[in-house]
Amino acid sequence: GELDQAQLDQCRTELETAGPRAIALCLPEVPLEARSEFLRIATECRSFRIASFAAGEMDAVRSLNLLSRVDILALNREEAASLGAVTGRGRGKHEVLEACVQVAQAANPDIVLIVSAGAECVDVFDQGAWSPHAAMPTEVVSSAGAGDALLGGVIAGIVLGMPLVRRTEEHNCQDAGESAIDLGLLVAAFSLTSPHTIHPGFTMQALREFAATKSTSLAGEDASQLHAASISLRESTADSRHHSGKP
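This one's a predicted model, so the numbers in the text were calculated from it and none came from an experiment.

What counts, and where the lines are drawn
- Residues numbered from 1 in each chain as written.
- Predicted model: local features only at pLDDT ≥ 70, side-chain atom pairs only at ≥ 80, totals over all residues.
- Heavy atoms only, no water.
- Phe/Tyr/Trp six-rings, centres within 6.5 Å; stacked < 30°, edge-to-face > 60°.
- Helix = DSSP H or I, 4+ residues; strand = E, 2+ residues; numbered from the N terminus.
- Buried < 20%, exposed > 50% of the residue type's maximum accessible area, 1.4 Å probe, protein only.
- Pairing = 2+ DSSP bridges.
- Axes fitted to C-alpha atoms, helices over the stretch in contact; angles between N-to-C directions.
- Contact = heavy atoms within 4.5 Å.
- Expected span 1.5 Å × (residues − 1).
- Salt bridge = Lys/Arg side-chain N within 4 Å of Asp/Glu carboxyl O.

Visitor: Let's hear about the packing of aromatic side chains: which residues, and what values?
Guide: When we look at a pair of aromatic rings, we describe it by the centre distance and by the angle of the planes. Here the structure, examined in full by the defined rule, presents three aromatic pairs. Between Phe190 and Phe210, the ring centres sit 5.4 Å apart and the planes meet at 65°, which makes this aromatic pair edge-to-face. Residue Phe190 is located in helix α7 (residues 180-191), and its partner Phe210 is located in helix α8 (residues 204-213); the two are separated by 20 residues in the primary sequence. Taking relative accessible area as the criterion, Phe190 reaches 7% and is therefore assigned buried. Grouped by ring-pair contacts, the aromatic residues Phe190, Phe202 and Phe210 constitute a single cluster.

In structure tokens:
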């Protein structure tokens, strides 16, 4: 997909209006030059910046120092290895994560990392430490779009004021309303049950019913909050594809 100067100017107007309340989401498949400019604009507008980059873009990401303009960086394990310049089949999880965070923190000491590894887990680096978060077991119909669903759920949780992670020793998604990561993992698991890239049956009620089958609950019974979460989740999962040029 293309992103021309007129669209970037429109982004600036919207981000300036929202100020620090804005979330600027920057994903692959738009040319990197345009994304670099978008992140520059978002930084000037004091937006909260969330980004992801493809594995093949990491040399440019490092040379352009793009991570200095990112608050949350969402990657899969392969992309994390590429960012950290870890190569070879024998690379282990610990080696990949530590190399990745070293590069990221050199650009931005306050950066938060979300590194997903499919059905294995999601690792989050926040406030100077890694925390593992188990993926929710579910029957997989298709994994297409699960990464976007995870990030969409996390963004919705942030919008609702949830902490990114729970500050406890256990990270098992027993209550998916306690943190943005927990909510993201639940939405990702729900996404896996559909053959479509964007689950056509996504509603808050469907998500609550799915959570119940997994012995998981959604905290927060306030109707307006749940409605807001449903809207945020649908928009963030759909917009992450629309604005990145994905079908």
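Visitor: Give me the lowdown on the sheet that holds strand β4 (residues 112-116), citing residues and values where you can.
Guide: In space, the six strands of this open sheet follow the order β1-β2-β3-β4-β5-β6, with mixed pairing throughout. With one partner strand each, in any of the chains shown, β1 (23-26) and β6 (129-134) form the two edges of the open sheet. The mean inter-strand angle of the sheet, taken between neighbouring strand axes irrespective of direction, is 15°. Here strand β5 (residues 121-126) runs beside β6; their pairing, made up of six bridges, is antiparallel. Across the sheet, Phe125 pairs through a bridge with Trp130, a residue of β6. Sheet contacts for helix α2 (residues 32-44): β1 and β2 (48-51); angle to β1, the most-contacted strand, approximately 170°. Against the sheet, α7 contacts β4, β5 and β6, and its axis sits at roughly 35° relative to β6.

Visitor: I'd like a rundown of α7, residues and numbers included.
Guide: With twelve residues, α7 ought to run about 16 Å at 1.5 Å a step, and its terminal C-alpha atoms sit 16 Å apart, in line with that. What α7 keeps buried is the set Ala180, Ile181, Asp182, Leu183, Gly184, Leu185, Leu186, Val187, Ala188, Ala189, Phe190 and Ser191.

Visitor: If you had to explain the environment of Thr197 to someone new, which residues and values would you point to?
Guide: You can see Thr197 is positioned in the loop between α7 and α8. Note: C-alpha distance between Thr197 and Ser143 (54 residues apart in sequence) is 8.1 Å.

Visitor: Pulling in residues and values, what's your account of unusual backbone geometry?
Guide: Phi is positive for Asn65, close to 55°, though the residue is something other than glycine. Relative to the elements of secondary structure, Asn65 occurs in the loop between α3 (58-63) and β3 (72-76). Positive phi, close to 55°, is recorded for Gln127, a residue that is not glycine.

Visitor: Account for the pattern of salt bridges, naming residues and giving values.
Guide: Oppositely charged side chains are able to pair whenever their charged atoms sit close together. What the rule picks out here adds up to eleven salt bridges. In this structure, Arg35 engages Glu57 in a salt bridge whose closest nitrogen and oxygen atoms are separated by 2.3 Å. With a gap of 22 residues between them, Arg35 in helix α2 and Glu57 in the loop between β2 and α3 connect regions that are remote in the sequence. The burial state of Arg35 is the same as that of Glu57; both residues are buried. Three or more residues are tied together by salt bridges with common partners; here these are Arg12, Glu16, Glu37, Arg40 and Glu44.

No statement about biological role is implied by the geometric values presented.
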